[in-house]
Amino acid sequence: MIPAQLFLGAGTIINALCIVVGAAVGTLFGEHLPSRVRDAVTPVLGLVVVTIGGLSIPSLLDASVPRAVGQAGVVIVLLALVIGTMLGAWWRLEQRIEQLGEWARSTFNRGRPAGTTLTSRSVEGFVTATLVFCIGPMGILGSLQDGLGQGNDQLIVKAILDGFTALALSASFGFAVAGGAAVVLVYQGLLTVLGWWLGGLLPPAELNVLDATGGIILMALGLRLAGIARLAVAEMVPALVLAPVGVVIVGLVT
């Protein structure tokens, strides 16, 4: 049975540890696999991510959404994704995340002997892992739940999923996948503090629209991992802010 509450931030710490352990196991195991086997892992993982994202879309059917915005839930999510992606492209979020990965690689490689440096493949692994671990409603809602003192359940479940995801990704990309754990510590840690500070942050309608929007972004990420479509997923992230804001605006004018 999952403990209801350990301590503030426990879920995020467990999440990061599971990522590191999964990446370590996947790196060690992946070295003994033929390249064709390692290359087959990521597309399959992408299909799993598509499935997980799709499971969040029915949140729009929750009774709280039509009570707040009538039948405009789908339109709010659509506009949030379109406008959010436009903003993300304008701010070049995808490029900035890749630059972060390159900075991490150059910092790590500085002064290291040949043969022990990170490659561009490692940078891709870091970027992919960061998106997989950080984009999605479970991390946002779980961190807020933790901060509100309502338990670590969601983040512990996410930690288990991320551990297996890190294992699969590191079999293809190497131990650089573990770098996503540091981003998770900062990102989810800040959300946990935000939840603790603000108390009840979002009403049910806003949470459900956020859930559905995050699910669609996860599906886009899964399609990218599976090699079906080269989508700039990071540029969709602003939609996670715009979707709840859209519910508030529609609720005020209707």
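Just above sits the structure.
Visitor: Can you help me understand the overall build of the chain in this one?
Guide: What the chain contains, in helices and strands, is 11 helices and zero strands. Listing the helices and strands of the chain from first to last along the sequence gives α-α-α-α-α-α-α-α-α-α-α. Across the 254 residues in the chain, those meeting the buried criterion constitute 46%. For the chain, long-range pairs separated by at least 24 residues make up 82% of all intrachain contacts whose partners lie at least 6 apart in sequence. Summing over all exposed atoms, the chain offers an accessible surface of approximately 12,700 Å²; the carbon and sulfur share of this is 72%.

Visitor: Explain helix H11 (residues 239-253) to me, please; I cannot follow it from the model alone.
Guide: Side chains of residues three or four places apart in an α-helix project in the same direction, reflecting 3.6 residues per turn. Its 15 residues give H11 an end-to-end C-alpha distance of 21 Å, which sits within 8% of 21 Å, the value for a rise of 1.5 Å per residue. Of the residues making up H11, those classed as buried are Ala239, Leu240, Ala243, Pro244, Gly246, Val247 and Val250. Take H11 and look down its axis: the buried residues cluster within an arc of 145°, on one side only. Exposed residues on H11 whose side chains face more than 90 degrees from its buried face are Val241, Leu252 and Val253.

Visitor: I'm lost on a nonpolar patch on the surface in this one. Help?
Guide: A grouping of Phe7, Ile13, Leu17, Leu185, Val186 and Leu190 is seen on the molecular surface, where their side chains present a nonpolar patch of about 590 Å² in accessible area. Those elements that provide at least two residues to the nonpolar patch are helix H1 (10-30) and helix H9 (180-198). Ranked by residue count, the leading element in the nonpolar patch is H9, at three residues. Taking relative accessible area as the criterion, Ile13 reaches 38% and is therefore assigned partly exposed.

Visitor: What am I meant to see in the environment of Ser56 here?
Guide: Inspection of the secondary structure assignment puts Ser56 in the loop between helix H2 (35-54) and helix H3 (64-69). For Ser56, a relative accessible area of 12% puts it in the buried group. Taking the C-alpha atoms as reference, Ser56 lies 9.4 Å from Leu210; in sequence the two are 154 residues apart. Side chain to side chain, Ser56 and Asp211 meet in a polar contact 3.4 Å long.

Visitor: I'm lost on unusual backbone geometry in this one. Help?
Guide: Generally, phi is negative for residues other than glycine and the peptide bonds are trans, each holding for most cases. We note that Arg92 has phi near 55°; this positive angle belongs to a residue other than glycine. Here Arg92 lies in the loop between helix H4 (73-90) and helix H5 (93-109).

Visitor: How do you make sense of the nonpolar core when you look at a structure like this?
Guide: Across soluble globular proteins, nonpolar side chains show a tendency to be buried alongside one another. One finds Phe133, Leu169, Val177, Val209, Ile217 and Leu221 to be the most contacted residues of the largest nonpolar core, which totals 49 residues. Sort the elements by how many residues they give to this core and helix H10 (residues 204-225) lands first, with nine residues. What Val177 contacts, discounting residues up to four positions off in sequence, is Ile19, Ala23, Gly125, Ala129, Phe133, Ala166, Leu169 and Ser170.

Visitor: Just to check I follow, could you spell out the packing of H4 against H10 for this structure?
Guide: Describing two packed helices takes the angle between their axes plus the distance from one axis to the other. Here H4 crosses H10 at 50°, and the two axes come no closer than 10 Å. The orientation of H4 with respect to H10, classified from their angle, is oblique. You can see that H4 and H10 cross each other, and the crossing is right-handed. Counted together, Ile76, Val77 and Leu81 of H4 and Val209, Thr213, Ile216 and Ile217 of H10 form the full contact between these two elements. Counted by class, the contact of H4 with H10 contains six nonpolar, one polar and no charged residues.

Rules of the game
- Residue numbers run consecutively from 1 along every chain, following the written order of its sequence.
- At least 70 in pLDDT is required for a residue's local features to be given in this predicted model, at least 80 for side-chain atom pairs to be given and counted, and no such filter applies to totals for whole chains, interfaces and linings, which use all residues.
- As a convention, hydrogens and water are excluded, and side-chain values are obtained from all of the structure's heavy atoms.
- Per the convention used, a helix needs a DSSP run of H or I reaching at least four residues, while a strand needs a run of E reaching at least two, with both numbered from the N terminus.
- Only protein chains enter the accessibility calculation, which uses a 1.4 Å probe; a residue is then buried when its area is under 20% of its type maximum, exposed when over 50%, and partly exposed in between.
- Whether two residues are in contact is decided by their heavy atoms, any of which lying within 4.5 Å being enough.
- Note on areas: these come from Shrake-Rupley sampling with a 1.4 Å probe, and a residue is covered only by the protein chains present in the view.
- Any helix carries an expected span of 1.5 Å times its number of residues minus one.
- Arc definition: directions from the helix axis to the C-beta atoms.
- Patch building starts from residues that exceed 30% relative accessible area and form no salt bridge, then joins like charges within 9 Å and nonpolar side chains (Val, Leu, Ile, Met, Phe, Trp, Tyr) within 5 Å.
- We count a salt bridge whenever a side-chain nitrogen from Lys or Arg sits within 4 Å of a carboxyl oxygen from Asp or Glu.
- Counted as a polar contact is a pair of N or O atoms within 3.5 Å, where, for protein atoms, one must be capable of donating a hydrogen and the other of accepting one, and residues adjacent in sequence contribute only when both atoms are in side chains.
- In plain words, nonpolar cores are sets of buried Ala, Val, Leu, Ile, Met, Phe, Trp, Tyr and Cys residues tied together by side-chain atoms within 4.5 Å.
- Each axis is a line fitted through C-alpha atoms, taken for helices only over the stretch in contact, and angles between the N-to-C directions span 0 to 180 degrees.
- Every angle not falling under 35 degrees, over 145, or within 65 to 115 is termed oblique; those three ranges are roughly parallel, roughly antiparallel and roughly perpendicular.
- If you view the pair so one helix is near and one far, a crossing is left-handed when the near helix is turned anticlockwise from the far one by less than a right angle, and right-handed when it is turned clockwise.
- Charged residues are taken to be Asp, Glu, Lys and Arg, nonpolar residues to be Ala, Val, Leu, Ile, Met, Phe, Trp, Tyr, Cys and Pro, and polar residues to be all remaining types, Gly included.

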